[in-house]
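# Examining the three-dimensional arrangement
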Amino acid sequence: MRQVHVLDSHTAGESTRLVLSGLPDWGCRTPKEWCDRLSTPEGVRWCRSVLAEPRGNEAIVGAFLCDSTTADYGVVYFNNVGPLRMCGHATIGVVHCLAHGDPLLPRLAGISVSLETQVGVVVAERGPDGTVSFENVASYRKTALDLSDTFSEITKPVEIAFGGNWFALAEASLRLDPASIPTLLAFSVRVREAVHALGETQVDHVELTCKAHNPANSGRNFVLCPGLEWDRSPCGTGTSAKVACLAHHGLLAEGETWRQEGVLGTVFEASYRRDGEAIIPRISGQAWVTARSELRFEEGDLFAGGLPPI
Ligand code: PYC
């Protein structure tokens with residue numbers, strides 16, 4: 001019987017399932033090799049077997065460590081539809097789990113660890129209060145699109161930016177609160193379709209933005225993820241994309257703090273430093289371990305590959 005050990009955590013409300021054992025024997029070593037394989041139908045089935053019902057749910061982001069030639073460890077992120085280029089909340093979750101410790105995980109040698117993702121190396125450290133901060137991959141704003149003819153709710157140009165994943169950032173006159181999530185999901189899917197129709201087909205996340213609800217914070221967001229799920233956290237890569245846009249417009253200075261509030265009201269702190277044309281965002285947040293389990297896959301289980309996507 002196939003068995004997979006996992007250590008679950010949440011970061012600002014968004015779940016991460018760190019796979020400790022039971023990876024498929026595909027001969028993959030680096031993040032790139034793993035992600036190529038996880039993009040195949042067989043790979044997506046494996047992702048769903050670990051994350052989706054009946055062993056999890058559609059919103060969980062998975063992670064596992066692998067080999068790296070450029071960092072302490074390679075790390076692979078995946079969700080209900082396949083590999084993710086990078087994931088901020090899961091980076092915080094993985095580093096918290098490394099500090100938490102597990103016989104199936106390497107021991108965190110110091111307070112700092114470098115992780116090679118599919119899109120570059122991120123360097124994370126854990127503070128004495130348990131806050132994890134990481135320097136993300138180089139982030140930048142690419143362009144802006146006028147969608148005001150299509151969406152009366154969007155009056156400013158929609159920005160296309162990279163923060164480890166590709167985002168369309170739209171300031172929308174919608175209430176970004178938990179009661180509106182079904183509306184926000186449907187709206188964000190339409191925005192993504194419109195952005196794709198204009199040629200920005202690499203965009204897989206949509207970030208709706210508005211003023212912060214809590215005056216202690218700088219802005220609020222709602223983030224649509226590739227698999228039609230929404231980010232419970234303020235989204236580390238989305239916050240990085242936002243910071244890249246703010247830096248582009250001269251609205252956030254190097255070293256200044258941006259407090260990004262998510263749709264549940266939880267917060268990531270962000271700042272950046274310049275590296276030539278690009279900016280290097282630094283994101284901070286906290287994670288909490290929620291469970292350590294052994295997933296079992298009995299012979300003949302019709303749903304060993306997870307429930308099909310609805
Ligand atoms: O925190 O970067 C993030 C993220 C991406 C998708 C879900 N969370």
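Residues numbered from 1 in each chain as written. Predicted model: local features only at pLDDT ≥ 70, side-chain atom pairs only at ≥ 80, totals over all residues. Heavy atoms only, no water.

## Structural notes on the side chain of Thr30
Stated precisely, the cut-off is as follows: Segments assigned H or I by DSSP are reported as helices when at least four residues long, segments assigned E as strands when at least two residues long, and all are numbered from the N terminus. Each residue gets one of three labels from its accessible area relative to the maximum for its type: buried under 20%, exposed over 50%, partly exposed in between, using a 1.4 Å probe on protein chains only.
Structurally, Thr30 is set in the loop between strand E2 (14–19) and helix H1 (31–38). On the accessibility criterion, Thr30 (18% relative accessible area) is buried.

## With respect to the pairing of strand E10 (residues 158–162)
Inclusion rule: Pairing between strands is defined by DSSP: at least two bridges between them are needed.
Most of E10 sits out of view: five of its five residues are buried. Along E10, one buried face is formed by Val158, Ile160 and Phe162 and the opposite face, lined by Glu159 and Ala161, is buried too. Sheet topology places strand E9 (residues 140–145) next to E10; five bridges connect them, and they run antiparallel. The residue of E10 that forms the bridge with Leu145 is Val158. What sits between E10 and strand E11 (residues 166–171) in their antiparallel hairpin is a turn of three residues, with Gly164 showing a positive phi close to 105°.

## Quick notes on empty space enclosed by the protein
Under the convention used in this document: A cavity here means a set of points on a 1 Å grid, drawn over the protein atoms and nothing else, where a 1.4 Å probe fits but cannot get out; a pocket is an open set with protein on both sides within 12 Å along at least five of seven lines, and a residue lines either one if it has an atom within 4 Å of a point. Grid points are joined across faces, edges and corners, and a volume is the space filled by probe spheres set on the points. Annotation comment: domain bounds sourced from an automatic or database domain assignment.
Evaluated as defined, the whole model comprises one cavity of 30 Å³ or more. Forming the boundary of the largest cavity are 21 residues, of which Glu14, Val61, Leu84, Cys225 and Asp231 lie nearest the centre. For the lining of the largest cavity, the secondary-structure elements that each account for two or more residues are helix H3 (88–100) and helix H5 (236–248). Looking at which domains feed residues into the lining of the largest cavity, each of domain 1 (2–131 + 288–297) and domain 2 (140–283) supplies at least three.

## Considerations on the site of the ligand
Let me state the cut-off plainly: Near residues are defined by distance, with any heavy atom within 4 Å of the molecule or strand qualifying the residue. Counted as a polar contact is a pair of N or O atoms within 3.5 Å, where, for protein atoms, one must be capable of donating a hydrogen and the other of accepting one, and residues adjacent in sequence contribute only when both atoms are in side chains. Computed with a 1.4 Å probe, the accessible areas rest on the Shrake-Rupley method; for each residue, only the protein chains presented here act as cover. Pocket or cavity membership: a molecule qualifies when more than half of its atoms sit within 2 Å of the grid points of that site. We call Asp, Glu, Lys and Arg charged. Ala, Val, Leu, Ile, Met, Phe, Trp, Tyr, Cys and Pro are nonpolar, and the rest, Gly among them, are polar.
Close contacts around the ligand come from Glu14, Cys87, Gly88, His89, His205, Cys225, Asp231, Cys235, Gly236 and Thr237, and that covers them all. Within the backbone of Gly88, a nitrogen or oxygen atom sits 2.8 Å from an oxygen atom of the ligand. Residue Thr237 places a side-chain N or O atom 2.7 Å away from an oxygen atom belonging to the ligand. Against a free-state accessible area of 250 Å², the protein chains account for coverage of 99% of the ligand. Judged by its atoms lying within 2 Å of the grid points, the ligand is housed in the largest cavity. Breaking the shell around the ligand down by element, the ones donating at least two residues are H3 and H5. Split into classes, the residues belonging to the shell around the ligand amount to three nonpolar, five polar and two charged. Here the shell around the ligand spans two domains, and each of domain 1 (2–131 + 288–297) and domain 2 (140–283) adds at least three residues to it.

## Some details on the packing of aromatic side chains
Quick note on the threshold: Only the six-membered ring of Trp is used, alongside the rings of Phe and Tyr, when aromatic pairs are assigned; centres must lie within 6.5 Å, and planes under 30 degrees apart are stacked while those over 60 apart are edge-to-face, with the rest tilted. Lysine NZ or arginine CZ positioned within 6 Å of the ring centre and within 35 degrees of the ring normal marks a charge as sitting over the ring.
Taken as a whole and assessed by the stated rule, the structure comprises nine aromatic pairs. Ring geometry for Trp26 versus Trp34: centroids 6.1 Å apart, planes at 50°, classification tilted. The exposure classification of Trp26 matches that of Trp34, with both residues buried. Between Tyr140 and Phe162, the aromatic rings sit 5.8 Å apart at their centres with planes inclined by 35°, giving tilted as the arrangement. Taken together, the positions of Tyr140 in strand E9 and Phe162 in strand E10 put the pair 22 residues apart, joining distant regions of the chain. One aromatic cluster is present, formed by Trp26, Trp34, Trp46, Phe64 and Phe78 through successive ring pairs. Arg2 extends its terminal NZ or CZ atom over the ring of Phe297, reaching a point 3.8 Å from the ring centre.

## Examining H5
Formally: The span expected for a helix works out to 1.5 Å for each residue beyond the first.
Over its 13 residues, H5 runs 18 Å from end to end, which matches the ideal 18 Å to within 8%, given 1.5 Å per residue. Judged by how many residues are buried, H5 sits mostly within the fold: twelve of 13 residues are covered. At the exit of H5 stands Gly250, carrying a positive phi of roughly 70°.

## Structural notes on unusual backbone geometry
Between Glu53 and Pro54 the backbone carries a cis peptide bond, its omega angle lying at 10°. By the secondary structure assignment, Pro54 is in the loop between helix H2 (41–51) and strand E3 (61–66). We note that Ala12 has phi near 50°; this positive angle belongs to a residue other than glycine. By secondary structure assignment, the location of Ala12 is in the loop between strand E1 (2–11) and E2.

## Some details on the domain arrangement of the chain
Counted only if it meets this: A simple way to read buried area is as the amount of 1.4 Å-probe accessible surface that goes missing from two parts once joined, with both sides added. Think of a salt bridge as a Lys or Arg side-chain nitrogen and an Asp or Glu carboxyl oxygen that are within 4 Å of each other.
Splitting the chain by domain gives domain 1 (2–131 + 288–297) and domain 2 (140–283). A C-alpha centroid distance of 24 Å is found between domain 1 and domain 2. Buried surface at the junction of domain 1 and domain 2, both sides included, amounts to about 1300 Å², of which 59% is carbon and sulfur. Counting the surface domain 1 buries against domain 2, the share from its top three residues, Ala12, Glu14 and Arg85, is 37%. Our count for the contact surface shared by domain 1 and domain 2 stands at two salt bridges. A per-element tally of the side of domain 1 that touches domain 2 places H3 first, with three residues. Partitioning the side of domain 1 that touches domain 2 into residue classes produces eight nonpolar, six polar and four charged.

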